[in-house]
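# Analysis of the macromolecular model
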Amino acid sequence: MKKISRKRRVAKAGAAVKQPLVAIVIPNYNGQVVQYNGKGILENLLESLMATSYRNMKVIVSDDSSPSPDASAGIAAKYNVKFIVNKPNGGFAKNANFGAKYAIDEYDPDYILWLNNDIIITDPDWLTKLVETAESDPKIGMVGCKLLYPDGKIQRGYSPDERNQQDSEKFDYVRHSESVDGAMFFAKRAVIDRVGLFDEMFLFGWEDADYCMRVRDAGFKFVYNGKVKLMHLEGATSTAAARNNGRYKRSYNDMVSFIRFMWKHNSKFTLSYKLHSVLNMAASVFVTTNESVKTGFKLGKYRFNPDPLTKIRAYYRATMDVVSPHMMFYRFLVNHGLGRLLINGAVRKLQEEAKACRNIEDIVNLAYAFDYHGITIGPFQIKEEIMKFAEDLSNKQPQEILEIGTAKGGTLFIIAQCAPDNAHIISLDLPNGKFGGGYPSWKIPLYRSFVKKGQMLELVRENSHDIGTFETVRKLLNDKKLDLLFIDADRSYDGVKHDFNMYSVLVKESGTIAMHDISKTPNPEISVQPFWDEIKKKHRTKEIIENPMQGYGIGIINMK
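Owing to the predicted nature of the structure, the values given are computational and were not obtained by experimental measurement. (Residues numbered from 1 in each chain as written. Predicted model: local features only at pLDDT ≥ 70, side-chain atom pairs only at ≥ 80, totals over all residues. Heavy atoms only, no water.)

Quick look at the side chain of Glu43 now. If you trace the backbone, Glu43 turns up in helix 2 (residues 41-49). For Glu43, a relative accessible area of 11% puts it in the buried group. Ignoring any residue separated from it by four or fewer positions in sequence, one finds Glu43 in contact with Gln32, Ile75, Lys78 and Tyr79. (Helix = DSSP H or I, 4+ residues; strand = E, 2+ residues; numbered from the N terminus. Buried < 20%, exposed > 50% of the residue type's maximum accessible area, 1.4 Å probe, protein only. Contact = heavy atoms within 4.5 Å.)

Attention now moves to the nonpolar core. Of all hydrophobic cores here, the largest spans 45 residues; its most connected members are Leu350, Val364, Phe389, Phe413, Ile414, Leu446 and Phe450. Taken together, the elements giving at least two residues each to this core come down to helix 12 (325-355), helix 13 (360-369), helix 14 (383-396), helix 15 (410-418), helix 16 (444-448), strand 20 (456-460), strand 21 (482-487) and strand 24 (552-558). Contacts of Phe450, omitting those with residues within four sequence positions, involve Leu350, Ile377, Gly409, Leu412, Phe413, Ala416 and Gln417. Counting 36 residues, the second largest nonpolar core, distinct from the first, contains Tyr54, Val81, Phe83 and Ile121. (Core = buried A, V, L, I, M, F, W, Y, C linked by side-chain atoms within 4.5 Å.)

Right, let's talk about the confidence of the model for the protein for a bit. Parts of the prediction with low pLDDT should not have their coordinates interpreted in detail. Mean pLDDT over the protein stands at 85; residues scoring 70 or higher make up 86%. Summarising per-element confidence for the protein, the mean pLDDT is lowest in helix 1 (residues 6-14) (38) and highest in strand 6 (residues 111-115) (97). (pLDDT = per-residue confidence, 0-100.)

Along the chain, the position of Ser504 falls in the loop between helix 18 (493-503) and strand 22 (507-519). A distance of 2.7 Å separates a polar atom in the side chain of Ser504 from the backbone oxygen of Phe500. (Polar contact = N/O pair within 3.5 Å; in protein donor to acceptor, adjacent residues only side chain to side chain.)

Quick look at the pairing of strand 22 now. The side chains of a regular strand alternate between the sheet's two faces. Most of strand 22 sits out of view: 10 of its 13 residues are buried. One ladder, built from five bridges, connects strand 21 with strand 22; its direction is parallel. Residue pairing in the sheet places Phe486 in a bridge with Ala514 of strand 22. In this fold, strand 21 hands off to helix 18, which returns the chain to strand 22; that crossover is right-handed. Where strand 22 and strand 24 come together, six bridges link them in antiparallel fashion. Directly across from His516, in strand 24, lies its bridge partner Ile554. (Pairing = 2+ DSSP bridges. Right-handed = clockwise from strand over helix to strand, strands pointing away.)

What follows covers the environment of Lys453. Relative to the assigned elements, Lys453 resides in the loop between helix 16 and strand 20. Since its relative accessible area comes to 80%, Lys453 is described here as exposed. Sequence spacing of Lys453 and Asn422 is 31 residues, and the spatial spacing of their C-alpha atoms is 8.3 Å.

This part is about helix 14. Between its first and last C-alpha atoms helix 14 spans 20 Å; for 14 residues at 1.5 Å apiece the expected length is 20 Å, and the two agree. Burial in helix 14 covers these residues: Lys383, Glu384, Glu385, Ile386, Met387, Phe389, Ala390, Asp392 and Leu393. Phi turns positive one or two residues past the end of helix 14, at Gln397, with a value near 50 degrees. (Expected span 1.5 Å × (residues − 1).)

Moving on: the packing of aromatic side chains. By the definition in use, this model includes 20 aromatic pairs. When the centroid spacing of 5.0 Å and the interplanar angle of 45 degrees are considered together, the rings of Phe389 and Phe486 count as tilted. Taken together, the positions of Phe389 in helix 14 and Phe486 in strand 21 put the pair 97 residues apart, joining distant regions of the chain. One exposure class covers both Phe389 and Phe486, and it is buried. Ring-pair connections join several aromatic residues into one group, and the members of that group are Phe92, Trp114, Phe185, Phe198 and Tyr211. The residue whose ring lies beneath Arg175 is Tyr158, and the NZ or CZ to ring-centre distance is 5.3 Å. Taking NZ or CZ as reference, Arg461 lies 5.1 Å from the ring centre of Tyr439, over its face. (Phe/Tyr/Trp six-rings, centres within 6.5 Å; stacked < 30°, edge-to-face > 60°. Lys NZ or Arg CZ within 6 Å of the ring centre and 35° of its normal.)

Take a look at the structure:
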């Protein structure tokens, strides 16, 4: 697969190309067998695609060894687009990669756009809008759009609350987002050169979510452009596959991909997110919101699955096959003994990778990506928010620092790497605490390796609410005052209020206090926002909230 050199990229950008080359890859399986309005879904797509006003594009139909490929090949020829066949059938991710590799080798595009074959283009300027959004900021890596049902209702918009609402201009947001939807996957070439293509271990589904996680970890931004609207015949191909290949196989593959995704990105998710995801998968046994499913009793927006036993059997078999006993046993061993044997290797690897960090972005990316045989340090904060906090920290260069809530250590690592060489850092954490779960004692050598030469780190494993712990911290400061207090432990209203009131007296008049989760979050147990709303009326504050719709956020109080 070709990569465009830095020299060529700069030259190309300097030439002010008005229309960068976009390669549109359409992964296809039985695109002419599945019908819509008397035509195959592939023909509906290609026919609508021809009206696109953006002309600098190449279209590739990548067929995944359909049982009847001739019909799709004939339609591709009719509309003068390239038709290639991936042999043997390898699933969506492999087929999507096959088409993208062909596009890169043959056309050397500036953008790759993966488009489901059950999409219908309704706006001739859709691609122009996508390119303009992507070109507006070099940090933007991917752009998403609004997907509509044939009746004009929103299928997937900026937030889940928009689903099934009638589309209107009030939903035409152009905002930063956390990911994009896989039905229309639009990526800059720089993203592909840095991140690669889809992970082919995903059999069906979750490959798009995995890709977004990797893109975000690489430091790129996502933008949702609600002014770009595409009709999506949701589930047309998958529903047909379920009929042809059996619902058992489809359900089995879906669960396999889900488990692999959760396992791969385990360190990046909070416990509440994991439970929410598992409950959603469990609920899919009995109900669905997929409008293309027409069987089963419907109640409101939900339709009950007429054959739940098939899904139960498929999900159980997939769980037994993927979450094999040796994998579960390994995870248990890492947390209960094996970690002690691996920790020295983790220390060496982290120190080696930390030396290669050139800037704050590299430091933050390393914190999220580090994984040594199951030992991770991923922060709980949203990457873009902790990045901005790290930049603020680096500018202020605090010497005396107290972090309340060590957890997995990722934020501590970022603080240490961005603080001055003479910084004195105290990190306070409650073993088996409710928020974050604390850390085992065998991880202490890893945490001690976070600091740079000349820095001093004190690890206190006690309850921050106890007066004895406060006295311990005060003695460690040796009559000095804090330049920075970062509160991210007990995130209940009473808990954060207690930590603020108790430890803010140790902060200099010119110091800074920061706290996590200042915006409304999906987790009902987190209630920092009400306290933040109270104290920001009394102090000079700054809020770092990447996406108000998703919540969380970091609040900064400048005491002076």
